[in-house]
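Spelled out, the chains give:
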Amino acid sequence: MTRGSAIGLLVSVCAFLCGCASSHMDDAPSLIPDSATPATTVASGYQLSAQEQAYDCKKLSGVMQVRILQIRGYESREKTSSVSRAMQSVSTPIFGGTRQGMDPDGQYMRDRAMLDAYNARLAEKKCKTYDIDAELKKTDIYETPRPAEAKTQ
């Protein structure tokens, strides 16, 4: 075997091993709360899991506050270019790494649908709900989102 062939074989084996190692990254635990029982996103929006439906008002509000703070200011943030996302999608299977951030607009839409579903659940439970649009327009990252008074019917 020549030196060039050996180097080529070594590079191929390394790329193969990196690809195999990264295939398990999609199964890695998420930092999103309660990812152990994931909810589903349906065509009409976000569908709460059984565990999420059992949340009380305090838990629903807490998760909503965290998510609002995470996505607050999304519209005004600089976005990564489509070229950089394409390079990440090509290099991730080869060199390993996370797929996080490859579809920021899709993630924002899923987060927004989750907030709407949680807010509807708060209303069903006669809890205080959030003005999500107003909370997301705020830019102060230190201002905690506050629910409005519960609406009486």
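Scroll up for the structure.
A quick note: this is a predicted structure, and the numbers were derived from the prediction, not measured.

What counts and how
- Residues numbered from 1 in each chain as written.
- Predicted model: local features only at pLDDT ≥ 70, side-chain atom pairs only at ≥ 80, totals over all residues.
- Heavy atoms only, no water.
- Helix = DSSP H or I, 4+ residues; strand = E, 2+ residues; numbered from the N terminus.
- Contact = heavy atoms within 4.5 Å.
- Phe/Tyr/Trp six-rings, centres within 6.5 Å; stacked < 30°, edge-to-face > 60°.
- Buried < 20%, exposed > 50% of the residue type's maximum accessible area, 1.4 Å probe, protein only.
- Lys NZ or Arg CZ within 6 Å of the ring centre and 35° of its normal.
- Core = buried A, V, L, I, M, F, W, Y, C linked by side-chain atoms within 4.5 Å.

K.L.:
Let's hear about the side chain of Asp111: which residues, and what values?
P.N.:
By the secondary structure assignment, Asp111 is in helix α5 (residues 104–124). Excluding anything up to four places from it in sequence, Asp111 contacts Arg67 and Ile71.

K.L.:
How would you explain the packing of aromatic side chains if you had to name every residue and give the values?
P.N.:
A complete count under the given rule lists 2 aromatic pairs for this structure. The interplanar angle of 70 degrees and the centroid separation of 6.3 Å between the aromatic rings of Tyr46 and Tyr118 together place this pair among those described as edge-to-face. Linking Tyr46 in strand β2 (residues 45–47) with Tyr118 in helix α5, this pair joins segments that are 72 residues apart in sequence. Assigned by exposure class, Tyr46 and Tyr118 land together as buried. Between the aromatic rings of Tyr55 and Tyr118, the centroid separation amounts to 6.4 Å while the plane-to-plane angle is 80 degrees, which identifies the pairing as edge-to-face. Residue Tyr55 is located in the loop between α2 (50–53) and α3 (57–71), and its partner Tyr118 is located in helix α5; the two are separated by 63 residues in the primary sequence. Of the two residues, Tyr55 and Tyr118, neither departs from the other in class, the shared state being buried. Taken together, the ring pairs in this structure connect Tyr46, Tyr55 and Tyr118 into an aromatic cluster. We note Lys59 situated over the ring of Tyr55; from NZ or CZ to the ring centre the distance is 5.3 Å.

K.L.:
Mind laying out the nonpolar core, listing which residues take part and the relevant values?
P.N.:
Soluble, globular proteins show a tendency: their nonpolar side chains are buried together. Judged by nonpolar contacts, the single largest core of 20 residues is most densely connected at Tyr46, Met64, Leu115 and Tyr118. Listing elements by their share of this core, those giving two or more residues are α3, α5 and α6 (132–137). No other element matches the 7 residues that α5 contributes to this core. The residues contacting Tyr118, other than those within four sequence positions of it, are Tyr46, Leu48, Glu52, Tyr55, Leu60, Val63 and Met64.

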